[in-house]
Each structure stands twice: as C-alpha cells, then as structure tokens.
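Topology and contacts: notes
Residues per chain are reported as follows:
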Amino acid sequence: MAAVRESDGAGHARYTYRLRVSATAREALLAEWGRCRWVWNECVARSKKAHTDAEECGPARLDRLLTRARAITPWLAAGASVPQQQLIRDFGKSRAKALKDIKDRLPVRQRAGMPGYKKKHEADPSLNYTRHGFRLKEGRLHLAGGITLTVVWSRELPAEPSSVRVYRDSVGDWYASFVVPARVEPLPESGRALGVDWGVKEIATTTSDAHDLPHAEHGKKAKGKLSRYDRMMARRRPKKGQAASKGYGQAKKWRAKTYQKIARQRQDAARKWAKKVVRDHDAIAVEDFRPKFLAKTSMARKAADAAIGATKKALIEMGRKHGRDVRLVHPAHTTMDCGRCGARTKHALPLSERTYTCTACGMVSPRDKNSARVMLVRAGLAPAGVEGVRPPGALLQEAA
C-alpha cells in the first residue's frame, strides 16, 4: 500500500509503504525505539526541571546533554544517533507549539498539550531518519545501525527521498513513510467548474449529478462484527492490577483490524471520488465545512461514518497534486441563499425541509443542489448552466 499525503509543508509529499520485518530486524527496531523512548522521557524530565528553575531548555541544550549521555552510557551509544537527535527535534517542536498556544492565550480546549512521558506498553514505535541515516539499495531499506528492511513497493518513488519515518501502527504492522519533493502532474483542461456541498445523507452533493458522492456506510456494515469483538473484550477484560490474557489481546487486535479496514475503505472511496472530480473539472468551489460540531448532535454516528473531513482533505490534496484551482467557500447562510438570483430567505430552513424555493425568482431546487450552486457563485465561478460548463475560451474569474 502506498499513501500519498501532502501535509508536510509546501512542495513535499509523503509516500507510505508496508514493510516486511524479520524477527531480527524487529528486535533491532524495538531496541532502537527503547533508546529513543528513554531520550524522549529524559527530555520531558529536563524540560520540567528547567521550567521549575526558570531556565531555557531548547533543542541545542538537549543535544549537548545527549552527546554527554552517549559518551558515558554504552547502552545508549550502541544505537544510531540520527533517530535520537530527530526525536529531540520533534520534542522541541511539540513543546514550542504548546508554549506558543499558552502565550497566545488560546482556550484550553484548543491548546496543544505539553509533551508527556511515553510508556513502554502504550506508545507505538516511531523512528525518524534523515538522509544521512538511511539508504535504498536493491529495493531494500537500510537504516543506520545495520537494520535492513524489505519494502513492499506498490509504486515507485517519484524522486529521491529526503527522510523516512519507520513506525508500527496499533495493529502491529510496520510501515516506512518517505518524504519526497512534490511534483505537479497537470491534467488536460476541461473548461468545467464544480460546486461541492457536504452533507450527511450524501457525503458530497455537487452541481453535477454524475459527481455526487453517496454515503457508503462502511461503519454501519461492520457494526455487527465490532459489537461481537466488544462483547469478547468485555468478557475477557482483566481485573484491576492483573495482566491481560491472550484472548483479550487477540479480541482487541481483531477489533483494531476491523476499524483499520473501515478507515481504509473510507480513504479509498474519498481518493477515487476526488480523482474523478479533479480529472473532469478545472476549478472546484468547496464548502469550507468543519464537521466537528456534528459530534454533539443526533447525527454524530452517521456523520463520523461519512468521514467528511477526510474526504475534503483528499479533494484538496488531489487538486494541489494536479494543479487544479480549488477554492474554499465560507459555509455561512449557504442553505438560505438562492443559487440563481442570490436572494436570501428571511428564516433559516429546518433540516426536515429538503426543497429550496426562492420567493424572489421562483426557483425550486433540491436544497443541497442549490447550496452547491451557491458555492460556485461565492467563489466567482458562476456557471453558464447547471453542470458548470463554461463557454469555450472563457477565463475562470478570481474569487473576490
């Protein structure tokens, strides 16, 4: 499996591949993670002490402490220095973000928490290597410290990677995530524009009937299997202070695998739909919808199963990858405005009212379809027709 993500800053993408890890390599990786986990916990302890003593505790000071610790601790020096140094960089970024949120007086619920201790049986291994800490030779990944891993190359890397992150997920599978320079892969122009409105009954309603995304309900289909694993875990749950049995761990793993499958189904459907939308349209007006508030409503379960946030992210990333014009539109009053004349209703429409009727121009349209047309108008991409087709040679207007 290869997953492409363009979330590591402008001009970079992540390509993630499955790893085949031998018993020897697994033991070496876990030993490396044990050293890195100790470094992280030491950084947490040092930063707390520095805060108490009103001292500075940046990455430079922690680097010097690491150099001294490696000089007097053979167990620590037996591991590669690259992942240990990168862990200090990650710790510094995490701590700096938390301090910045405190300084900016953000509400507590919006602040990034201060980095805490990583417990042995709770934290999943994650090792970062810069270009000097790994190399690719004959299709295999060689890490500093003599660790060799077999990569399942589902696709070729488009460029030379600048770094790699080797990690284990909650199910126990190992992955390698390479960071490479992102390349724009332009697609042929289509002369079309599309408006996208997010919802729960249908994940995405667009100005083109052929590009609507229905709710696949992957989570609902797996509900029976998940309930079964929940009952198994409840029966085998260990008492307080006792170690979990193998049966409990097995049921927990089956449950995690089922959730992983659901997440991959949602991701796959989102990417395929996003690729179709981007291939057929030059410009896309997307509702800048943030579905977090739905978690407190009666639609929470169905909204979570729709994975609106993941679908929106996939569309934005796919548009960036292929050089399309993706414009985010503020969602306020999009259900109250008319997509034809722009008139606004005097009252908010209840969710039960699924047909929009404009009192100014008399237009009657399905509520979500009208909202999708409003996206086009607000983005400055008002179409000549319902399908978003523009006259040949017409330039796409810039949003106001």
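Quick notes on the rules
Residues numbered from 1 in each chain as written. Predicted model: local features only at pLDDT ≥ 70, side-chain atom pairs only at ≥ 80, totals over all residues. Heavy atoms only, no water. UniProt positions renumbered as here; feature names shortened; annotations may be inferred. Axes fitted to C-alpha atoms, helices over the stretch in contact; angles between N-to-C directions. Helix = DSSP H or I, 4+ residues; strand = E, 2+ residues; numbered from the N terminus. Left-handed = near helix turned anticlockwise from the far one by under 90°. Contact = heavy atoms within 4.5 Å. Nonpolar A, V, L, I, M, F, W, Y, C, P; charged D, E, K, R; others polar. Disulfide = S-S within 2.5 Å. Expected span 1.5 Å × (residues − 1). Buried < 20%, exposed > 50% of the residue type's maximum accessible area, 1.4 Å probe, protein only.

Naming follows an unreviewed UniProt entry, where the chain appears as Transposase of Streptomyces diastatochromogenes. You can read under Sequence similarities (unreviewed entry) in the UniProt record for the chain the words "In the C-terminal section; belongs to the transposase 35 family."

**Looking at the packing of helix α1 (residues 23–52) against helix α4 (residues 81–103)**
Contact geometry for α1 and α4: axes closest at 9 Å, N-to-C directions at 35 degrees. Of the two elements, α1 crosses α4, and the hand of that crossing is right-handed. Contact with α1, carried on its side by Glu32, Arg35, Cys36, Arg37, Val39, Trp40, Cys43, Val44 and Ser47, involves Pro83, Gln84, Leu87, Ile88, Asp90, Phe91 and Arg95 of α4 and no other residues of that element. Among the residues making up the contact of α1 with α4, the classes are represented as nine nonpolar, two polar and five charged.

**Re the state of the cysteines**
Scanning the model with the defined rule gives zero disulfides in all. Take Cys57: it sits in no disulfide, and the sulfur closest to it among the cysteines is that of Cys43, at 7.3 Å. Not engaged in a disulfide, the cysteine Cys361 finds its nearest cysteine sulfur in Cys358; these two sulfurs lie 3.6 Å apart.

**Considerations on helix α10 (residues 367–378)**
Between its first and last C-alpha atoms α10 spans 17 Å; for twelve residues at 1.5 Å apiece the expected length is 16 Å, and the two agree. The buried fraction of α10 is high, at nine of twelve residues. Taken as a whole, α10 has its buried residues at Arg367, Lys369, Asn370, Ser371, Ala372, Arg373, Val374, Met375 and Leu376. Where α10 is buried, its residues touch β9 (193–198), β10 (202–206), β12 (283–287), β13 (325–329), β14 (355–357) and β15 (364–366). Within two residues after α10, Gly380 carries a phi angle of roughly 80 degrees, on the positive side.

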